[in-house]
2 protein chains.
Amino acid sequence: MKRKISPSEEDYLKAIYHKTTADAPVVSTTLLAEEMGAKPSSVTDMVQRLSEKALVEYQKYKGVKLSDTGNTRALSIIRKHRLWEVFLVNELHFSWDQVHDIAEQLEHIQSEALTDRLAAFLGHPKTDPHGDPIPTKEGNIQAQTKMLLELAPLNTPLVCVGVEDSSAAFLQFLDKCGIGLGVNIEVLEKEIFDGSLLVSIDSKTQRISSLIAQNLYVNQGQ
Amino acid sequence: MKRKISPSEEDYLKAIYHKTTADAPVVSTTLLAEEMGAKPSSVTDMVQRLSEKALVEYQKYKGVKLSDTGNTRALSIIRKHRLWEVFLVNELHFSWDQVHDIAEQLEHIQSEALTDRLAAFLGHPKTDPHGDPIPTKEGNIQAQTKMLLELAPLNTPLVCVGVEDSSAAFLQFLDKCGIGLGVNIEVLEKEIFDGSLLVSIDSKTQRISSLIAQNLYVNQGQ
DNA sequence: ATAATTATTTAGACAAGCCTAAAAATTTAA
DNA sequence: TTAAATTTTTAGGCTTGTCTAAATAATTAT
Ligand SMILES: [Mn+2]
Ligand SMILES: [Mn+2]
Ligand SMILES: [Mn+2]
Ligand SMILES: [Mn+2]
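Owing to the predicted nature of the structure, the values given are computational and were not obtained by experimental measurement.

**Re the coordination of the manganese ion (ligand 1)**
All names here are of chain A.
Then, number 1: Only Asp11 (OD), Glu104 (O), Glu104 (OE), Glu107 (OE) and His108 (NE2) from the protein reach the manganese ion (ligand 1) as donors, at distances of 2.0 to 2.4 Å.
Then, number 2: One chain supplies every donor for the manganese ion (ligand 1), spaced along it as D-x92-E-x2-E-H. A residue pair is termed long-range when its members are at least 10 positions apart, and aspartate 11 in helix H1 (residues 7-19) and glutamate 104 in helix H5 (residues 100-106) qualify at 93 residues.
Then, number 3: Taking relative accessible area as the criterion, aspartate 11 reaches 19% and is therefore assigned buried.
Then, number 4: The class of glutamate 104 is partly exposed, set by a relative accessible area of 21%.

**As for the protein's contact with DNA strand D**
Then, number 1: Near DNA strand D, the surroundings consist of 22 residues, among which Thr30, Tyr58 and Lys60 of chain A together with Ser6 and Ser42 of chain B are the closest.
Then, number 2: One of the side-chain nitrogen or oxygen atoms of serine 8 of chain B is found 3.4 Å away from a phosphate oxygen of DNA strand D.
Then, number 3: Take lysine 39 of chain B: an N or O atom from its main chain is 3.1 Å from a phosphate oxygen of DNA strand D.
Then, number 4: Residue assignment for the surface near DNA strand D shows that the elements contributing at least two residues are helix H2 (29-36) and helix H3 (40-52) of chain A together with helix H1 (7-19) and helix H3 (40-52) of chain B.
Then, number 5: Element by element, the count of residues in the surface near DNA strand D is highest for H3 of chain B, at five residues.
Then, number 6: Considered class by class, the residues forming the surface near DNA strand D number seven nonpolar, 10 polar and five charged.

**Focus on the coordination of the manganese ion (ligand 4)**
Residue and element names in this part refer to chain B.
Then, number 1: Around the manganese ion (ligand 4), the donor atoms from the protein are Glu85 (OE), Asp128 (OD) and His130 (ND1), and they sit 2.1 to 2.3 Å away.
Then, number 2: In the primary sequence, the donor residues of the manganese ion (ligand 4) line up as E-x42-D-x1-H.
Then, number 3: The class of histidine 130 is buried, set by a relative accessible area of 2%.

**Points about the sheet that holds strand S8 (residues 216-220) of chain A**
All names here are of chain A.
Then, number 1: One open sheet holds the six strands; their spatial order is S3-S8-S4-S5-S6-S7, and the pairing between them is antiparallel. Looking at which strands have only one partner, the edges of the open sheet turn out to be strand S3 (147-148) and strand S7 (204-208).
Then, number 2: Pairing geometry for strand S4 (residues 158-163) and S8, over five bridges, is antiparallel. In the sheet register, valine 163 faces S8, and the bridge partner there is leucine 216.

**Concerning the pairing of strand S4 (residues 158-163) of chain B**
Residues and elements named next belong to chain B.
Then, number 1: Counted residue by residue, S4 has five buried out of six residues, so it is predominantly covered.
Then, number 2: By the bridge criterion, two bridges tie S4 to strand S5 (residues 184-190) in an arrangement that is antiparallel. Within the sheet, the bridge partner assigned to leucine 158 lies in S5 and is isoleucine 185.

**Details of the protein's contact with DNA strand C**
Then, number 1: Around DNA strand C lies a shell of 22 residues, among which Ser6 and Ser42 of chain A together with Thr30, Tyr58 and Lys60 of chain B are the nearest.
Then, number 2: Near the protein, meaning within 4 Å, the atoms of DNA strand C are sugar or phosphate in a fraction of 80%, with bases accounting for the rest.
Then, number 3: A distance of 2.9 Å separates a phosphate oxygen of DNA strand C from a polar atom in the backbone of tyrosine 61 of chain B.
Then, number 4: Counting only elements with at least two residues in the surface near DNA strand C, the list comes to H1 and H3 of chain A together with helix H2 (29-36) and H3 of chain B.
Then, number 5: The leading source of residues in the surface near DNA strand C is H3 of chain A, at five residues.
Then, number 6: Of the residues contributing to the surface near DNA strand C, the split by class is seven nonpolar, 10 polar and five charged.

**Some details on the interface of chain A and chain B**
Then, number 1: At the interface, 20 residues of chain A touch 20 residues of chain B.
Then, number 2: Between chain A and chain B, a total of about 1,600 Å² is buried, with carbon and sulfur atoms accounting for 72% of that surface.
Then, number 3: Of all residues in chain A, Leu92, Gln105 and Arg117 of chain A give up the largest surface area on contact with chain B, accounting jointly for 32% of the area buried on that side.
Then, number 4: Here chain A and chain B share zero salt bridges between them.

**Points about the side chain of asparagine 215 of chain B**
Residues and elements named next belong to chain B.
Then, number 1: Among the secondary structure elements, asparagine 215 is positioned in the loop between helix H8 (210-213) and strand S8 (216-220).
Then, number 2: Within the structure, asparagine 215 has its side chain in polar contact with the backbone oxygen of leucine 211 (distance 2.9 Å).
Then, number 3: Not counting chain neighbours up to four residues away, the residues in contact with asparagine 215 comprise Leu148, Gly162, Val163, Glu164, Asp165 and Phe170.

**Remarks on the side chain of glutamate 10 of chain B**
All names here are of chain B.
Then, number 1: For glutamate 10, the location among the structural elements is in helix H1.
Then, number 2: For the buried glutamate 10, which has no salt bridge, the nearest side chain bearing the opposite charge is lysine 80, at an N-O separation of 4.7 Å.
Then, number 3: Leave out the neighbours within four places in its chain, and glutamate 10 touches Ile5, Ile77, Glu107, His108 and Gln110.

**Digging into the sheet that holds strand S6 (residues 197-201) of chain B**
Residues and elements named next belong to chain B.
Then, number 1: What the six strands build is an open sheet, ordered S3-S8-S4-S5-S6-S7; its pairing is antiparallel. Edge positions in the sheet fall to strand S3 (147-148) and strand S7 (204-208), since each has one partner strand and no second.
Then, number 2: Bridge count for S3 against S8 is two bridges, and the pairing is antiparallel. Bridged to methionine 147 within S8 is valine 218.

**Some words on the relation of the copies chain A and chain B**
Then, number 1: Once chain A has been moved 0.0 Å along the axis and rotated by 180 degrees, it coincides with chain B to within an RMSD of 0.1 Å. The superposition operator between the copies reduces to a two-fold rotation axis. Judged by C-alpha distance, leucine 106 of chain A is the residue of chain A that lies nearest the rotation axis, at 3.8 Å.
Then, number 2: When the interface residues of chain A are mapped onto chain B, 100% of them again lie at the interface, so the same face is used by both copies.

About the cut-offs
- Residues numbered from 1 in each chain as written.
- Chains lettered and ligands numbered in written order.
- Predicted model: local features only at pLDDT ≥ 70, side-chain atom pairs only at ≥ 80, totals over all residues.
- Heavy atoms only, no water.
- Donors = N, O, S within 2.8 Å, 3.2 Å for Na, K, Ca; no water.
- Helix = DSSP H or I, 4+ residues; strand = E, 2+ residues; numbered from the N terminus.
- Buried < 20%, exposed > 50% of the residue type's maximum accessible area, 1.4 Å probe, protein only.
- Near = heavy atom within 4 Å.
- Polar contact = N/O pair within 3.5 Å; in protein donor to acceptor, adjacent residues only side chain to side chain.
- Nonpolar A, V, L, I, M, F, W, Y, C, P; charged D, E, K, R; others polar.
- Pairing = 2+ DSSP bridges.
- Contact = heavy atoms within 4.5 Å.
- Buried area = accessible area lost by both parts, 1.4 Å probe.
- Salt bridge = Lys/Arg side-chain N within 4 Å of Asp/Glu carboxyl O.
- Lys, Arg positive; Asp, Glu negative; His and termini not counted.
- Least-squares fit on C-alpha atoms with pLDDT ≥ 70 in both.

Structure, rendered in structure tokens:
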């Protein structure tokens, strides 16, 4: 029933998933090439193959989007990726900046039984170590109610719930600033000059750059 | 330092490792082809490439064996394979006949940190779920003192310590017979006619075929 | 020792995934 | 609304890993 897809094809499906949104429903080959670290011509090749397999809808010069089956496949790979990240952090005690590249490999292991048992072993976690939601086995992914710290209201208790950039460099910098998921933040002041924020993190006041504020998600906290 | 090897190349190294012994130090392309489920001509191609990379020593028409670096790489893959099998059985509660194919994929994940932490997480196991020894990080593999049940002495307490054939079919059949690692066995009688054995397993007497006896390893028990 | 058989390698082909260079379509600017 | 710039696709080539068919080496039988 389930046609075989190569790791490379899976990575493309994931990239298309991540690069399309409600208001930008298709992605260009150039953007996809950037995301994949490949040349646009290579992407065109791949997208044409995926189109023949009915995993994407592709129109020459018009960009590409996932088909329904492609979307389901992408969600399954993302589910595996995030479950493995939880395993690596919670069970093997990796830090949140070390797990992405390993999960990038583990997500391609093909065994439904393995994914099922891994999820059960981990207690069916809802989010990964970066605060991203884990799709269910059925392919449902919970919409996140979160806002960028940059746009959060002043003098309001907030809690850190996710990151926009999950590069090791950014995550390590957050560590250095004492910022992690679940940490309480309050924005005390916005500096007009450079966009930096004066914040209180766990009742300690510090100034953080606008670049951090643009890549950190928060929710209304207690 | 560590040159990249593809999953396919890794599987070949493993196959060469398994098919060479002290008294048969080289393996033929035909035998290797059988082991890999490929044609001999494909194997010739591959061993020539591996030879250029100095992972094997290959002489036209004379067969192939691992070089020192090839041997080290093979042991590292086998270490990963067996560690993952332990994880699947001990932590995810797979049965011993279900884990080989999954481990066949997991063994190719490239991350030394992952292997190290997995080993620690599992408590540095010495053997896998089939009784096979797990090489150390340094590449030391413990020689097993075990004998085929077929050749074991009569009326002697024995304990089951491994299998020669680890196919799902054989392992499931062993389950059905109540045979597993650590189970106590005693050979009561050898039947000349068909090579079958009358054995006592956990103090219950039953007859087992010679094919089982040829694929089951035992040690002197308590 | 020669012939027949078997094992092994070579030759040529193909698909997947990538590349560069060139052509074509689209978008932007004049 | 043409012309210029940019984006995207096509053409052709390379590597890996596989195959089949043909050639060659090695082994076995006569
Ligand atoms: Mn991946
Ligand atoms: Mn993540
Ligand atoms: Mn394998
Ligand atoms: Mn095993």
